[in-house]
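# Commentary on secondary and tertiary structure
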Amino acid sequence: MKVFIYKNSGETEHANDASSKYVLRKLRRDGVIMKNEYHFIMPYNIHFRFDNYLVKEMLLMDSMLMDILVYEVKNGIANWKPYKLWPRLVSAVVSRPQYIGGNVNSFLYKVDMDKCIDCGLCIKRCPTKNIYHDEQGVIRFHHNCLMCMRCSFYCPKDAIHIGFLEDWGWKVNGGYDFKKIEKINYDKPFITPQTTGFFKCYVETYDKIRSRHKEIFGE
Ligand code: SF4
Ligand code: SF4
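These numbers come from a predicted model, not from an experiment. (Residues numbered from 1 in each chain as written. Chains lettered and ligands numbered in written order. Predicted model: local features only at pLDDT ≥ 70, side-chain atom pairs only at ≥ 80, totals over all residues. Heavy atoms only, no water.)

### With respect to the layout of surface pockets
In this model, the largest pocket occupies a volume close to 1,800 Å³. As for the largest pocket, its lining consists of 46 residues, of which N8, S9, M42, Q98 and L146 are closest to the centre. Mapped by element, the contributors of at least two residues to the lining of the largest pocket are β1 (2-9), α1 (21-29), β2 (33-41), α2 (52-74), α3 (85-106), α5 (150-154) and α6 (164-167). At seven residues, the largest contribution of residues to the lining of the largest pocket is made by α3. Looking at the lining of the largest pocket residue by residue, the classes come out as 28 nonpolar, 13 polar and five charged. Shared between two domains, the lining of the largest pocket holds at least three residues of each, these being domain 1 (2-96 + 190-217) and domain 2 (109-162). (1 Å grid on protein atoms, 1.4 Å probe; cavity = no way out; pocket = protein on both sides within 12 Å on 5 of 7 lines; lining within 4 Å. Points joined across faces, edges and corners; volume = space filled by probe spheres on them. Helix = DSSP H or I, 4+ residues; strand = E, 2+ residues; numbered from the N terminus. Nonpolar A, V, L, I, M, F, W, Y, C, P; charged D, E, K, R; others polar. Domains from an automatic or database assignment.)

Structure, rendered in structure tokens:
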């Protein structure tokens, strides 16, 4: 069986190039052949909140990347290359502490039941089914957390305390207002070849998406 992977993270290439290596290893045991891999960059949901204009650009870039994905997969154009050594090392060093950190941090999660309106969104949106109601109806957490922050990000009442991440000031509560972002007049790129500082790492990623999109679709 031939497969492709698409994944997302808040980091640009190449920090997460090899983040799917464990999934890939398991898939290979089942005899699959990796053909394509795509990495979608999402706006941060911890650390800090992105400017809405940049979020608009990120969504546009993701939409272009999705066009590329569909085109290449449908036409049997493989894009996967073996991961380089340094992203594999980064992945090996970071993934284990992150996995353990998520489980440990689960012990520190709690819901302020005075704020909670029991809408159930956190339970519904947790990808690992880590959140549940106990017998008294209080929202509790198991210890299988990925630290994805979907629960706190979508909580309409900011009722979820996300353990040490919150104590370190890394909490961004509330989703981005995509309806508002959609209406933004996008007339020039936020990320350009002249971009410096933190956002410089986006330049290469976005250049690659733009040029591949142009190559395929001519626009
Ligand atoms: S999303 Fe927030 S308000 Fe809704 S049930 Fe969960 S903690 Fe309560
Ligand atoms: S951070 Fe993600 S995985 Fe952890 S409890 Fe919240 S939604 Fe579930």
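### Observations concerning the site of ligand 2
Close to ligand 2 lie 14 residues, the nearest being C126, C145, C148, M149 and C151. Its residues placed into classes, the shell around ligand 2 shows eleven nonpolar, two polar and one charged. (Near = heavy atom within 4 Å.)

### Quick look at unusual backbone geometry
Although it is not a glycine, K129 sits at a positive phi angle of roughly 55 degrees. By secondary structure assignment, the location of K129 is in the loop between α4 (121-125) and β4 (131-133). Residue class for K129 comes out exposed when judged on its relative accessible area of 69%. In this structure, D158 is a non-glycine residue whose phi angle is positive, near 50 degrees. (Buried < 20%, exposed > 50% of the residue type's maximum accessible area, 1.4 Å probe, protein only.)

### Some details on the site of ligand 1
Inspection of the region around ligand 1 gives V111, C116, I117, D118, C119, G120, L121, C122, I139, C155, P156 and I160 as its neighbouring residues. Looking at the shell around ligand 1 residue by residue, the class counts come to ten nonpolar, one polar and one charged.

### Description of helix α8 (residues 201-217)
Because an α-helix completes one turn every 3.6 residues, residues spaced three or four positions apart along the sequence face the same direction. An ideal rise of 1.5 Å per residue puts 24 Å on 17 residues; α8 measures up with 25 Å between its terminal C-alpha atoms. Considered for burial, the residues of α8 that qualify are Y202, V203, T205, Y206, I209, H213 and I216. Tucked inside the fold, the buried residues of α8 contact β2 and α2. After α8 finishes, the residue G218 shows a positive phi value of roughly 70 degrees. (Expected span 1.5 Å × (residues − 1). Contact = heavy atoms within 4.5 Å.)

### Examining the pattern of salt bridges
Here the idea is simple: oppositely charged side chains can pair when their charged atoms come close. Counted under the stated rule, the structure contains five salt bridges. Here E57 ties to R210 by a salt bridge, and the two come within 3.9 Å at their closest N and O atoms. With E57 in helix α2 and R210 in helix α8, this residue pair connects regions lying 153 residues apart in the sequence. Of the charged contacts, one joins R212 and E215 as a salt bridge, the two residues approaching to 2.5 Å between their closest N and O atoms. Taken together, the residues span about one helical turn, with R212 and E215 both in helix α8 at a distance of three residues. Within the structure, one salt-bridge network assembled from shared partners comprises E72, R212 and E215. (Salt bridge = Lys/Arg side-chain N within 4 Å of Asp/Glu carboxyl O.)

### A short note on a positive patch on the surface
A grouping of R25, K26, R29 and R88 is seen on the molecular surface, where their side chains present a positively charged patch. Broken down by element, the residue count for the positive patch peaks at three residues, all from α1. Mapped onto the elements, K26 comes out in helix α1. (Patch = residues over 30% accessible without salt bridge, like charges linked within 9 Å, V, L, I, M, F, W, Y side chains within 5 Å. Areas by Shrake-Rupley, 256 points an atom, 1.4 Å probe, with all protein chains shown as cover. Lys, Arg positive; Asp, Glu negative; His and termini not counted. Charge placed at Lys NZ, Arg CZ, Asp CG, Glu CD.)

### A few points about the environment of Y38
By the element assignment, Y38 lies in strand β2. Between the C-alpha atoms of Y38 and T195, which are 157 residues apart in sequence, the distance is 24 Å. With residues near it in sequence (within four places) discarded, Y38 still touches I5, Y6, K7, L65, I68, L69, E72, V73 and N79. Within polar-contact distance, the side chain of Y38 engages the side chain of N36 at 2.8 Å. (Polar contact = N/O pair within 3.5 Å; in protein donor to acceptor, adjacent residues only side chain to side chain.)

### Observations regarding the domain arrangement of the protein
Once the domains are mapped, the protein shows domain 1 (2-96 + 190-217) and domain 2 (109-162). Computed over C-alpha atoms only, the centres of domain 1 and domain 2 are separated by 29 Å.

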